[in-house]
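Read off the chains here:
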Amino acid sequence: MEQTERARDFARRLLAEPLAGRWTHTQGVGHKAESVAHLVGDDADALVCAAWLHDVGYSPALTASGMHQLDGARYLRDVAGFDGLVCRLVAHHSFAVIEARNRGLAGQLVGEFPAVEGLVSDALTYADMTTNPNGDPVEVEQRLAEILARYGNGDLVAESIREASPRISSSVRTVTALLAAT
Ligand SMILES: [Fe+2]
């Protein structure tokens, strides 16, 4: 089975029944990543896999630390056996290192999963942050506002996203500009 097909199956199994909303969002992110995968050359397969798998850490079946990016990446590395780049992308998607720092988990996150720099990371952030909870395309500003409203002022996730917002927006601009030029 191709790695991307396997990634889609894992995500469906982990999310569709317990967290139907997350599965709906995930399908939108997966398809968005597929639509930009041509931009990242040899990393296309890892990008698409990571998009399908980026939120599996929310699944009740594998929650451990309470940080979905870290729980998901550990599961994908230790249980599912996905390749290292996929696990690192999931661990760091949408600038998770800021949330990890706020949770006191940055050492574990970065120690176990070195951050991925560059366009493939931007492309995953683009796919996640231009897809709303219903799986539909949305402008990044609306997406960020919706997350802040959903979690509420002062919430750790909301404050982490607020701090990450300039970097998230920059990633989205980078990918949008490349798409416009191709
Ligand atoms: Fe997401």
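Before reading further, recall that the structure is shown in the block above.
The sections below set out a description of the structure shown in this document. (Residues numbered from 1 in each chain as written. Predicted model: local features only at pLDDT ≥ 70, side-chain atom pairs only at ≥ 80, totals over all residues. Heavy atoms only, no water.)

## Some points on the overall build of the protein
Step number 1: The helix and strand tally for the protein stands at 10 helices and zero strands.
Step number 2: Relative to the compact-globule value of 16 Å for 182 residues, the protein shows a C-alpha radius of gyration of 15 Å, a close match.
Step number 3: Buried residues in the protein amount to 51% of all 182 residues.
Step number 4: Considering only contacts within the protein whose residues lie at least 6 apart along the sequence, 67% involve residues at least 24 apart.
Step number 5: On the protein, roughly 8,000 Å² of surface is accessible, and the fraction owed to carbon and sulfur atoms is 52%.
Step number 6: The distance from the centre of the 16 positive side-chain charges to the centre of the 24 negative ones in the protein is 3 Å. (Helix = DSSP H or I, 4+ residues; strand = E, 2+ residues; numbered from the N terminus. Rg over C-alpha atoms; globule rule 2.2 N^0.38 Å. Buried < 20%, exposed > 50% of the residue type's maximum accessible area, 1.4 Å probe, protein only. Contact = heavy atoms within 4.5 Å. Areas by Shrake-Rupley, 256 points an atom, 1.4 Å probe, with all protein chains shown as cover. Lys, Arg positive; Asp, Glu negative; His and termini not counted. Charge placed at Lys NZ, Arg CZ, Asp CG, Glu CD.)

## Some details on the coordination of the iron ion
Step number 1: Every protein donor of the iron ion is listed here as His25 (NE2), His54 (NE2), Asp55 (OD) and Asp128 (OD), and their distances to the metal cover 2.1 to 2.7 Å.
Step number 2: Coordination at the iron ion comes from four donor atoms whose angles at the metal span 80 to 179°, giving a geometry best classed as irregular.
Step number 3: Accessibility expressed as a relative area gives 0% for His54, which makes it buried. (Donors = N, O, S within 2.8 Å, 3.2 Å for Na, K, Ca; no water. Tetrahedral: all angles 85-135°; square planar, octahedral: opposite > 155°, others 65-115°.)

## As for the pattern of salt bridges
Step number 1: For the structure shown, the criterion picks out 12 salt bridges.
Step number 2: A salt bridge links Arg74 to Glu112; the nearest nitrogen and oxygen atoms lie 2.6 Å apart. Note that Arg74 is positioned in helix H4 (residues 68-80) and Glu112 in helix H7 (residues 106-112), a separation of 38 residues in sequence.
Step number 3: The partner of Arg143 in a salt bridge is Asp128, with the nearest N and O atoms 3.2 Å apart. Of this pair, Arg143 sits in helix H9 (residues 140-151) while Asp128 is found in helix H8 (residues 119-129), placing the two residues 15 residues apart along the sequence. Across the pair, Asp128 and Arg143 agree in class, each one buried. (Salt bridge = Lys/Arg side-chain N within 4 Å of Asp/Glu carboxyl O.)

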